[in-house]
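Overview (structure and organization)
So you can see what is in the structure, the chains are spelled out below.
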Amino acid sequence: MSTLSTALPRPRRVLAVARRERARSAAGRRGLSLLLFSLALLLPAGALPLGRGPELPAVRGEPPAALAGQVRLDERATVELRAGPPLTVVARSLPSELREALLAVEPQPAVELRLAPRVPLLPGRALLVALLAISMLTGPLAETLPGEREGRTLEILLASSLSRLELVLGKWLTWTLSASGVALLAGLAGMLTGTLPVGPWLLAMPVALGFTVALGLWLVRGAADLVGGAAVPMRVLPVVALVSVGLSMGLAQLHPAVAALVPLGGALALAGGVLPGLLPGALALLSSGLAAGLLLILTARAVDAQGVAPVPEGPGVLGTVLSGALLFALAVLGPGLFEVAGAPLSRPAVSLSAGGLLLGLSAAVALARRGALPELGAPRALLPGLLAGLLLALLPSLWPVFGLPRLAMVAAPAGEGLGAALLFGLGSGLWLRGALQPRLGAVGAAAVHLVVLLPLDPLRGLLIVGALALLQRRFGLGPALLAHLGLALAG
Amino acid sequence: MRLVGRTVLTIALATGLRLVREGFVVRALAWPGLLAAGAMVGTALIVGLMGSPVDEVASLAMRAEDAALVQERVAAASLELRVDPDPERAVAEGRASRAAWREADPGGAGERWVVAAPSAGPTTFRIEAILRDQAQAAWRIEVPPETARSAVVAGQSGRMGLIISVLFALYGVVMGAGLAWRDRAEGVVEAALTLPVPPWTQAAGRLVGLGVVLGLGQLATLQLMHGIMAMDRPLAIAGNGLVATVVACALGLSAVASPGAADRGFAAPLSRALGFVTALMGLGAGLPAVGAWLPVASLGALAVGSSPLGAPIPVTLLGLALVGLAVRRWGQHQGGLGR
């Protein structure tokens, strides 16, 4: 079976698959509907003039009469003008539009800036058209392999004499040609209205879309049905497109040839007109083209290896819980890291409530996926929980507890701590006692509690996590949650 | 009425449970938060380990006679002064990061200062401030001390929140359309039509369940962003974002439940709904004066800084009206089975 996919694809068979794919997608009114909507979105993006005209630079303070009609007043502006003479500009940097406006105050600049020539950072219109075309591919990609799988036609195709690569190539060809055709039509309309000049985008756009379709096919190779097949590209494709083009534009400041090596990003940057020169252009087309070929071979192998690719399972209870812990750590550690980086940004109390909310939600998802709630405990068992909560609440004042939540709460501005503490107590309680303990047992849950929430104070933390785990085991979830709330409030 | 309410709640609960048991839904919910928070924390780590480029000690090459005029101010601005007979060449050969010199003003009789720099960043701006004072220029620069939280960061964090809201609105379209598609493909819609409740209750229940799951995920992600970077206008972003997500769910559901939708496949209605939502956001960004008052479009308007007072009321009411229309449409066309 594997020899079929590694053999060279036969063009006639590839074209036959492409024709079948086109016939499937164009059946009934669906093909026309998709085409019309793609054109309705892309043609204005390519052909109509964008933007709301030049906007006046925003300033606050007292602009002089000479700047009347050249600037607009906005209390949130980062530049403040103080009346002079001389006029004082209070700012940490100056937008170029404002610098031009200030020529009214000083027609012959006393200081001239000569800046090193840089690769332009603002991409052209063709990039917008290419990104919009990429966003329109979500639905069609879901119809390719997942659609065949849902309709049970993939098995028939796999049983035929078609190789896997021919199957994948045929589907890729259909959607690359369709997307490129619509995008180029929008580009040509832009050339007619004068919004787009003739340029390397004519080559770069089909290559970028070809890579995107190849990536999309690889992403949906394991999707069981149309809905799963639509969700993955929608989540991943815009991120990959934006990150790769951002990376490429950043690298272009080092050297355009380096930027061209980023698959997809290089081609999109070339389409946007930010990669000057013949070598970067050729490298951009080559890197995306080769990467697309590799993705197509990988997709064919994924289909080839197991016939129908296995449906990837969703994250298990443990995965869900661990991703909650990661999000919690990001929320609590994030602001601290910005402090370390020398750019304090945020308010720790908010991060604690975010951490609590994320832990609570990940616990709720884990419980819903498992379909069973731990025993809440009898109402009379709430008393031990209340007592344990009070005892644990008193403990920090006798024996201070340190840990990530404690650190965050200490740094919290007055008045914001109570709500955040309640949210954190409830979220962490649900996560540890509701989701984690039934899965990992009392010892495992206590260990995770210690490592994730109280890493800075393991000795004293041991007493707390042990008490809470035992409380849950002996009396159920309700008393343990009460104790968690008490502990969080005391912090 | 009681039966209708109970049906809606039961379907909402079942929809919510079904969604969180789907691996792709859970991954979709966690993805924006993990990606955005990971990127921000990664940036902070890199800046923390490598040092901020703003903190670098920049070197300024000047001729001896020019340096004598400004050396005290240059030292006070934490810039390293390098005396060089040819400052421009010093920059070209990498012996200094910036250079400044005086030359005859081509447009007048006097002299002017010239600054050669790789970019117009904060360091170049500080040098310009010193030279403007020295030249007694018509306008001078005062560089304020860096605050704990710059306006640039506030704007960027707000933009991050908007991107997350846009992503959740697009999720809403796909999941709304996906729910309707799956239920029709699996025969659930036919079975539900036999129940002694109006058909619209099926759409209402699904939208409530989907809205709650996506809304909670969106709020948690925005709260995470807010926790890390303290977003600008968090209430406006969360409010407009939630309305946009719920409306997008309704549009997705409605696209697949239109008359004769069963013959039209999944991709075309889905692309149409996605295109419509994207176009609405584009309308908001392009015409913020109008878009700020419309659901979904208000996200685009927020992105260009427009959030007029009182707009949340019509945005919410119009959003509810659109959800009502989608529910009615489902009822009329029996989830796309009817004509």
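Residues numbered from 1 in each chain as written. Chains lettered and ligands numbered in written order. Predicted model: local features only at pLDDT ≥ 70, side-chain atom pairs only at ≥ 80, totals over all residues.

1. Brief notes about the pairing of strand β1 (residues 59–62) of chain B
Residues and elements named next belong to chain B.
- Where β1 and strand β2 (residues 80–83) come together, 4 bridges link them in parallel fashion. The partner of Ala61 across the bridge, within β2, is Arg82.
- You can see the chain leave β1, run along helix α3 (residues 64–76) and come back into β2, and the turn it takes is right-handed.
- Relative to strand β3 (residues 98–104), β1 runs parallel, the two being bridged by 2 bridges. When the sheet's bridge partners are listed, Ala61 is paired in β3 with Ala99. (Pairing = 2+ DSSP bridges. Helix = DSSP H or I, 4+ residues; strand = E, 2+ residues; numbered from the N terminus. Right-handed = clockwise from strand over helix to strand, strands pointing away.)

2. Thoughts on the packing of helix α8 (residues 200–229) of chain B against helix α13 (residues 312–333) of chain B
All names here are of chain B.
- Viewed as axis vectors pointing N to C, α8 and α13 meet at an angle of 140°, and their least axial separation amounts to 7 Å. In this view, α8 runs oblique relative to α13, as classed from their interaxial angle. By crossing handedness, the relation of α8 to α13 is classed as right-handed. Between α8 and α13, the residues in contact are Trp200, Gln202, Ala203, Ala204 and Leu207 and Val323, Ala326, Val327, Arg328, Trp330 and Gly331, respectively. (Axes fitted to C-alpha atoms, helices over the stretch in contact; angles between N-to-C directions. Parallel < 35°, antiparallel > 145°, perpendicular 65-115°, else oblique. Left-handed = near helix turned anticlockwise from the far one by under 90°. Contact = placed C-beta atoms within 7 Å.)

3. Notes on unusual backbone geometry
- The residue Leu264 of chain A is not glycine, and still its phi comes out positive at about 65°.
- Structurally, the position occupied by Leu264 of chain A is in the loop between α12 (256–260) and α13 (265–271).
- Within the chain, Gln136 of chain B stands out as a residue other than glycine whose phi angle is a positive 50°.
- Position of Gln136 of chain B relative to the elements: it lies in the loop between α5 (122–135) and β5 (139–142).

4. A word on the confidence of the model for chain B
Residues and elements named next belong to chain B.
- In this model, chain B carries a mean pLDDT of 82, and residues with pLDDT of at least 70 account for 89%.
- Taken element by element, chain B is modelled with least confidence in helix α2 (residues 23–50), mean pLDDT 75, and with most confidence in helix α9 (residues 234–256), mean pLDDT 92.
- Here the prediction assigns the complex a pTM of 0.75, and the interface score ipTM is 0.70. (pLDDT = per-residue confidence, 0-100.)

5. A few points about helix α5 (residues 125–135) of chain A
- Counting buried residues along α5 of chain A, 10 of its 11 residues qualify, which places the element largely inside the surrounding structure.
- Listed in full, the buried residues belonging to α5 of chain A are Arg125, Ala126, Leu127, Val129, Ala130, Leu131, Leu132, Ala133, Ile134 and Ser135 of chain A. (Buried ≥ 20, exposed ≤ 12 C-beta atoms within 10 Å, placed from the backbone.)

6. As for the sheet that holds strand β2 (residues 72–73) of chain A
- Strand order in the open sheet made by the 5 strands is β2(A)-β1(A)-β3(A)-β4(A)-β5(B), with mixed pairing throughout. Looking at which strands have only one partner, the edges of the open sheet turn out to be β2 of chain A together with β5 of chain B.
- Direction of pairing for strand β3 (residues 80–82) of chain A relative to strand β4 (residues 87–90) of chain A: antiparallel, over a ladder of 3 bridges. From the neighbouring strand, Arg82 of chain A faces β4 of chain A, where its bridge partner is Thr88 of chain A.

7. A word on the sheet that holds strand β5 (residues 111–115) of chain A
- Read from one edge to the other, the open sheet built from 5 strands follows the order β5(A)-β4(B)-β3(B)-β1(B)-β2(B), with strand pairing classed as mixed. Strands with a single pairing partner mark the edges of an open sheet, and in this sheet they are β5 of chain A together with β2 of chain B. Here the average twist between neighbouring strands, direction ignored, is 25°.
- In the sheet, β5 of chain A pairs with strand β4 (residues 111–117) of chain B via 5 bridges, with the strands oriented parallel. Each bridged residue has a counterpart across the sheet, and for Glu112 of chain A the counterpart in β4 of chain B is Val114 of chain B.
- Here α5 of chain B sits on the sheet in contact with β5 of chain A together with β1, β3 and β4 of chain B, set at roughly 170° to β4 of chain B.

8. Examining the nonpolar core
- Grouped together as the largest cluster of nonpolar side chains are 218 residues, with contacts concentrated most on Ala130 of chain A together with Leu253 of chain B.
- Tallying contributions element by element places helix α6 (residues 151–185) of chain B first for this core, with 16 residues.
- Aside from chain neighbours lying at most four places away, what touches Ala130 of chain A is Ala183, Met205, Ala208, Leu209, Leu268 and Ala271 of chain A.
- Residues Val71 and Leu81 of chain A together with Ala61 and Ala116 of chain B belong to the second largest nonpolar core, which totals 36 residues. (Core = buried A, V, L, I, M, F, W, Y, C linked by C-beta atoms within 7 Å.)

9. So, the packing of α9 of chain B against α13 of chain B
All names here are of chain B.
- Running from N to C, α9 and α13 cross one another at 20°; their axes reach a closest spacing of 9 Å. Our classification of the angle between α9 and α13 gives roughly parallel. In this structure, the crossing between α9 and α13 has a hand that is left-handed. Residues Gly239, Asn240, Val243, Val246, Val247, Ala250, Leu251, Leu253 and Ser254 of α9 lie in contact with α13, whose contacting residues are Pro312, Val315, Thr316, Gly319, Leu322, Val323, Ala326, Arg329 and Trp330.
- The class makeup of the residues in the contact of α9 with α13 is 12 nonpolar, 5 polar and 1 charged. (Nonpolar A, V, L, I, M, F, W, Y, C, P; charged D, E, K, R; others polar.)

10. Topic: the confidence of the model for chain A
Residue and element names in this part refer to chain A.
- On average, residues of chain A score 78 in pLDDT, and 82% of them reach the 70 mark or higher.
- When the elements of chain A are averaged for pLDDT, helix α1 (residues 2–6) gives the smallest value, 47, and helix α10 (residues 201–219) the largest, 92.
- In this model, residues 1–5 is a region of pLDDT below 50 whose contacts with residues beyond four sequence positions or in other chains number 10 contacts.
- This model gives residues 410–415 a pLDDT under 50, and the stretch forms 8 contacts once residues within four places in sequence are excluded.

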